[in-house]
Amino acid sequence: MPQRKTLLKQLLIIPVLLVVVVGLLMAKQVQVSRAADASPVALVAAEDNPAQQGDDEVSHSTADHTKFEVLQQPFETVQDVTNACLSCHTEAADQVMHTIHWTWEKHVPDTDQTLGKKDIINNFCISIQSNEPRCTSCHAGYGWKDKTFDFTVQQNVDCLVCHDTTGTYKKFPTAAGLPVYEPTEFNGKMFNPPDLNEVAQNVGHSSRNNCGACHFYGGGGDGVKHGDLDSSLKVPDKSLDVHMSPDGANFQCSDCHTANSHEIAGSRLRMLSQSDTHYDLPNDDHNRATCESCHGITPHSNPKINDHTDKVACQTCHIPEYARGGVPTKMEWYWKDAGQFNDDGSIKSTVDEQGFPNYNTLKGSFVDEVNVKPEYYWFNGVIRYTLATDKIDDTKPVEINPIDGSYDDPNARIYPFKVHRGNQPYDPVNKTLVIPHLFGKDDTAYWKNFDWGKSIQAGMDYAGLPYSGQYDFVDTEMYWPITHMVAPKEDALACDSCHTDKTQSRVGSLEGFYMPARDHNNILDLLGWLAAAGSLLGVVVHSSLRIFGSKKGR
């Protein structure tokens, strides 16, 4: 009798165990553990490393530039300052003139394209060609007013824009890279001439302010282009960016984007989507500094999370939203709507309910947003560009810079992007994007006469490109990789941000692979549950037969 009771208990345990196992398997699929449950990485604290101190800290340079006699002379022009700098830094200008910051041009072997601000088209202000004095206000030089600019003149290299530590040196928005020499107003803001002696005697290492003077304001305004670069990163909270915050690592841009002979590491034209290289910074690797450069490829204390690093970019989990610092970024821009005026004929300019610009006569209508969730795509670092010489398919939105990558590509990972959408003029006969002449005081500039036909003809003639004389507007999309505004680990995405129903998953649109808890097949799911239920029923029936059979045979 005791043996039968023991047998009965053992048999009853079997279905219970099966139920527990099924429950554990289901729970595994919806497990919610923080993707950022990582062991701390040894980042040098700002207070322990003077090179990473904030902009207002004492310089640790080995030279006091106030003591150089060559910098104590009166400077009439900024070129005079450059000549004084070159009297000591004899090779600096030549080095700068071999970089993309000077040439605005780069050959990319992967695509065999020559790219750079000089050549590419975007769906913001479209092209610098014929619009140079406005667009080249962020060039690392002086006087690029048109295509006759001489790129070999060393005194036109701008040393101060990268090395000013006073915060008083500013280029004027429409002066082809030059500052003003007398007080000048622009769009309601007063620009005062810098004290060139004071600035020259107070040069130092570049800071977020120096780099941000151009890179925060791409596209014609604060935060317009990138989405993850804007003025909120000058002194960001740790919740905005753990690397740049004074309460975090207090990195300057050059701590990751290192320089060798003035060649700055990293290029949006050709990126590394991942890297197996792990070394301390600074370094001389002149591809984009990757997360793995500091953190390695297994940075998490949770091994399961480390299993994701071969297919998921660090930025995907650790930048949950961009434009988080309160500065909006442009998400949509429709040039077709430009040219509308107020009833009195004045320039029309409106804002939405949040106070963000949503219309301007010169540029059309916009959609600005903050705290934006990225879009996610497979990305291997290769970006191709649609140039003004390329034929387009105008029956669908034109991808200005389509990205490469797929699940089967060993170099690709899931990467976050801002996708900027809108429309812009094109040639419906030649099937090409066009270059409009927007800026200028001449009667062919669109911002002067609001005549698209004249503007496009002038821009295409300037660029030496064919134009049919007809124009229309085509929808376009442009991809901007998100890699700044890294959140604290406690704010990183949780597992169920992706491992959940397709309609809720951040990567619900990505195809070609199976993801637990995201992907389902109704027939397979039904068969699975029937198999589990059948197994459980079989165990119960078999156990019952054994028990009743043993009683009859007693």
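Throughout this document, residue positions are counted from 1 along each chain, in the order its sequence is written. Where local features are concerned, this predicted model is filtered to residues with pLDDT of at least 70; where side-chain atom pairs are given and counted, the filter is 80 or more; whole-chain, interface and lining totals use all residues. With hydrogens and water excluded, all non-hydrogen atoms of the structure serve as input to the side-chain values.

Enquirer: Kindly report on the environment of His437, identifying the contributing residues and their values.
Expert: With respect to the helices and strands, the residue His437 is situated in the loop between β14 (432–433) and α13 (446–449). We classify His437 as buried; its relative accessible area is 7%. Separated by 305 residues in the primary sequence, His437 and Glu132 have C-alpha atoms spaced 9.9 Å apart. We call two residues contacting when some pair of their heavy atoms lies within 4.5 Å. Sequence-distant contacts of His437, defined by excluding residues within four places in its chain, comprise Ser130, Asn131, Asp442, Thr444, Ala445, Tyr446, Ser455, Ala458 and Gly459. Under this definition, polar contacts are N or O atom pairs within 3.5 Å; protein pairs additionally need one hydrogen-donor-capable and one acceptor-capable atom, and for neighbouring residues in sequence, both atoms have to be side-chain atoms. Here Ser130 takes part through its backbone oxygen, which lies 2.9 Å from a polar atom of the side chain of His437. Within the structure, His437 has its side chain in polar contact with the side chain of Asp442 (distance 2.9 Å). In DSSP terms, a helix is any run of H or I states spanning at least four residues, a strand is any run of E spanning at least two, and both are numbered starting from the N terminus. Accessibility here uses a 1.4 Å probe with only protein chains present; expressed as a share of the type maximum, an area under 20% marks a residue as buried, one over 50% as exposed, and anything in between as partly exposed.

Enquirer: How would you summarise unusual backbone geometry if you had to cite specific residues and measurements?
Expert: Unusually for a residue other than glycine, Trp104 sits at a positive phi of about 50 degrees. Here Trp104 shows up in the loop between α4 (100–103) and β1 (106–108). In this structure Trp104 comes out as buried when scored by relative accessible area, which is 5%. Unlike most non-glycine residues, Lys431 shows phi in positive territory, near 60 degrees. Relative accessible area serves as the criterion here: at 30%, Lys431 is assigned to the partly exposed category.

Enquirer: Tell me what's going on with the pattern of salt bridges, and back it up with residues and numbers.
Expert: We define a salt bridge as a contact between a side-chain nitrogen of Lys or Arg and a carboxyl oxygen of Asp or Glu at a distance within 4 Å. Counted according to the given criterion, the structure contains 10 salt bridges. In this structure, Lys330 and Asp368 form a salt bridge, with 3.3 Å as the shortest nitrogen-oxygen distance. Taken together, the residues span a long stretch of sequence, with Lys330 in strand β7 (residues 329–334) and Asp368 in strand β10 (residues 364–369) at a distance of 38 residues. With respect to burial, Lys330 and Asp368 carry one shared label: buried. The network of salt bridges with common partners includes Glu375, Arg421 and Glu477.

Enquirer: Describe the nonpolar core, naming the residues involved and giving the relevant values.
Expert: Side-chain atoms within 4.5 Å are what join buried Ala, Val, Leu, Ile, Met, Phe, Trp, Tyr and Cys residues into a set we call a nonpolar core. In this structure, Trp335, Tyr385 and Trp452 are the most contacted members of the largest nonpolar core, which totals 44 residues. Among the elements of the structure, β13 (413–427), α13, α14 (452–463) and β15 (472–481) are those that each provide at least two residues to this core. Broken down by element, this core gets its largest block of residues, 5 residues, from β15. Every residue in contact with Trp452, bar those within four places of it in the chain, is listed here: Trp335, Ala338, Pro425, Pro436, Leu438, Tyr446, Tyr471 and Phe473. With 14 residues, the next largest nonpolar core counts Val81, Ala84, Leu160 and Ala200 among its residues.

Structural measurements only, silent on function.
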